[in-house]
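Each chain, letter by letter, is given below.
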Amino acid sequence: MAGKRDVESDRLAQLAGEASADAAIQAAAMAPELEASLTVPPDLTAAAFFDVDNTMMMGASIFHFARGLAARKYFSTSDLAGFVWQQLKFRVGGREDPESVKASREQALSFVSGRSVGEIVSLGEEIYDELMADRIWKGTQALAQMHLDAGQRVWLVTATPVELAQIIARRLGLTGALGTVSESENGIYTGRLVGDLLHGKAKAQAVRSLAAKEGLDLRRCTAYSDSSNDVPMLSVVGTAVAVNPDSQLREVSRRKGWEIRDFRTGRKAAKIGVPSVLGAGAVAGAVAATLAYRRRVR
């Protein structure tokens, strides 16, 4: 009986991941893709996929966004303190437990329900300039640029809300972003997710789906992340790179022979080897559905 329950549980997780991946792909297709450089011959079958929190950006993008919202009186400082505690539990504990993820999602959806997509996107643009632009890891940005210079496309793949992920991708000159998708009707958030959080196995499914849609050869693609939660995504590509890895991912990377890039220390970073990174081709941190902690009582 236990074996049967495990199989059913795995199947449900697979279905949830597929739904999240489909939502992420559709959201990415709706966003205008950045124009490719006319001076670089496109490499159509290779691409790179980057996690955001603690990989591309110092800290959790959703936390920086929440700070910006708190400064604008969207919710109270006590709510922000609760959000910080939630993030610390996730980062210290490593893997997010299902109940905490569910609670975070419900809190997030209670906040966005009834608000306009345009309002959230506009705030995201402002808060990126105020609190996020200076927190981009220059080393990771250089890795992304290396792929662009090689004619490859570069996507962010993150549990962060897709609207915020697309802002970050656009500001960095990347191809686009896959993120957690909140449902909206007539430009207003309904308080429901389309699929589930783009997290863990759902990220791997999203990458597979995007590769199928774009004609990518995953053996020639590269993925970057800081978190052991992203081992499924790192495992579906030809080249996996651990960036600022947590202890679990560092251990996995050493065991599997994955490259490690750590930009957190004062030591001079190892020289980026283009042949090694491009050779094979190319929560979540923070739980991203926590777009803010909850709607402020007015």
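Going along each chain's sequence as written, the residues are numbered from 1 onward. In keeping with the predicted nature of the model, local features appear solely for residues at pLDDT of at least 70, side-chain atom pairs appear and are counted solely at 80 or more, and the whole-chain, interface and lining totals rest on all residues. Computation of side-chain values: all heavy atoms of the structure, hydrogens and water removed.

Q: Kindly report on the overall build of the protein chain, identifying the contributing residues and their values.
A: Check the secondary structure of the protein chain and you find 11 helices and 8 strands. On the protein chain, roughly 13,600 Å² of surface is accessible, and the fraction owed to carbon and sulfur atoms is 54%. Each helix is a run of H or I in the DSSP string that is no shorter than four residues. Each strand is a run of E no shorter than two, and both are numbered from the N terminus. The Shrake-Rupley method, run with a 1.4 Å probe, gives the accessible areas here. Residue values count only the displayed protein chains as cover.

Q: Describe in detail the pairing of strand β6 (residues 222–225), supporting the description with residues and values.
A: Both faces of β6 are covered, namely the face carrying T222 and Y224 and the face carrying A223 and S225. For two strands to be treated as a pair, DSSP must find at least two bridges joining them. In terms of strand pairing, strand β1 (residues 47–50) meets β6 through 3 bridges, oriented parallel. Its bridge partner being in β6, F50 is matched across the sheet by Y224. One ladder, built from 4 bridges, connects β6 with strand β7 (residues 239–243); its direction is parallel. By the bridge assignment, Y224 is partnered in β7 with V241. Working definition: with a 1.4 Å probe on protein chains only, accessible area under 20% of the residue-type maximum means buried, over 50% means exposed, and in between means partly exposed.

Q: Lay out helix α5 (residues 117–132) with the relevant residues and their values.
A: Along an α-helix, a turn takes 3.6 residues, which lines up residues three or four apart on a common side. Note on bend: the value at a residue is the angle between axes fitted to the seven residues ending there and to the seven starting there. The largest bend along α5 measures about 25 degrees and falls at E126. Every buried residue belonging to α5 is among V117, I120, L123, G124, E125, I127, Y128, L131 and M132, and all of these are buried.

Q: Now, about the confidence of the model for the protein chain: what can you tell me, with residues and values included?
A: A score from 0 to 100, pLDDT tells how confident the predictor is in each residue. Per-residue confidence for the protein chain gives a mean pLDDT of 78; residues scoring 70 or more make up 65%. Residue contacts are defined here by distance: any two heavy atoms, one from each residue, within 4.5 Å place the two residues in contact. Every residue in residues 267–298 is under pLDDT 50, and counting partners more than four places away or in other chains gives 124 contacts.

Q: Would you mind going over unusual backbone geometry in detail, with residue names and values included?
A: The residue N54 is not glycine, and still its phi comes out positive at about 65 degrees. In the Ramachandran plot, N244 falls in the positive-phi region, its phi being about 50 degrees despite a non-glycine side chain. Within the secondary structure layout, N244 lies in the loop between β7 and α10 (247–256).

Q: Tell me about the sheet that holds strand β3 (residues 176–180), and please be specific about residues and values.
A: One open sheet holds the 6 strands; their spatial order is β3-β2-β1-β6-β7-β8, and the pairing between them is parallel. Two strands lie at the open edges of the sheet, namely β3 and β8 (259–261), each paired on one side alone. Adjacent strand axes in the sheet meet at a mean angle of 20 degrees when their direction is disregarded. Direction of pairing for β7 relative to β8: parallel, over a ladder of 3 bridges. What sits directly across from V241, in β8, is E259. For every element, the axis is a line fit to its C-alpha atoms; helices are fit only across the contacting stretch, and the angle between N-to-C directions ranges from 0 to 180 degrees. Helix α6 (residues 138–149) rests against β1, β2 (153–161), β6, β7 and β8 of the sheet, and its axis sits at about 160 degrees to β1.

Q: Any details on the environment of R219? Residues and values, ideally.
A: Assignment of secondary structure puts R219 in the loop between α8 (201–214) and β6. C-alpha of R219 to C-alpha of T239: the two residues are 20 residues apart in sequence and 7.5 Å apart in space.

Q: An account of the packing of helix α2 (residues 61–71) against α5 is needed here, citing residue identities and associated values.
A: Where α2 contacts α5, the two axes come as close as 9 Å, and the packing angle between them is 105 degrees. Compared by their axis directions, α2 and α5 come out roughly perpendicular. Here S61, H64, F65, R67, G68 and L69 of α2 lie close against α5, whose contacting residues are I120, L123, G124, I127, L131 and M132. Note on angle classes: values under 35 degrees are labelled roughly parallel, values over 145 roughly antiparallel, values of 65 to 115 roughly perpendicular, and the remainder oblique.

Q: Any chance you could break down the pattern of salt bridges for me, citing the residues and the numbers?
A: Here, a salt bridge means any side-chain nitrogen of Lys or Arg that lies within 4 Å of a carboxyl oxygen of Asp or Glu. Summed over all chains, the structure comprises 17 salt bridges. A salt bridge links R192 to E183; its shortest N-O distance comes to 2.5 Å. Note on R192: relative accessible area 43%, which makes it partly exposed. Residues joined by salt bridges that share partners form a network here, namely E125, D129, R170 and R171.

Q: Now, about the side chain of T175: what can you tell me, with residues and values included?
A: Relative to the helices and strands, T175 resides in the loop between α7 (162–171) and β3. A 3.5 Å cut-off defines polar contacts: any pair of N or O atoms within that distance qualifies, except that in protein one atom must be a possible hydrogen donor and the other a possible acceptor, and neighbouring residues in sequence count only when both atoms are side-chain atoms. Within polar-contact distance, the side chain of T175 engages the backbone nitrogen of V154 at 2.9 Å.

Q: Tell me what's going on with the nonpolar core, and back it up with residues and numbers.
A: Buried Ala, Val, Leu, Ile, Met, Phe, Trp, Tyr and Cys residues that are joined via side-chain atoms within 4.5 Å together make up what is termed a nonpolar core. One finds F50, F65, L156, I168 and L174 to be the most contacted residues of the largest nonpolar core, which totals 42 residues. Elements represented by at least two residues in this core include exactly β1, α2, α5, α6, β2, α7 and β7. With 7 residues, the top contributor of residues to this core is α5.

Q: Describe the pairing of β2, with residues and values.
A: Every regular strand shows the same layout, with side chains that alternate between the two sheet faces. Across the 9 residues of β2, 9 count as buried, placing the element largely inside the fold. Bridging between β1 and β2 involves 4 bridges; their strand directions are parallel. Paired with F49 across the bridge in β2 is W155.

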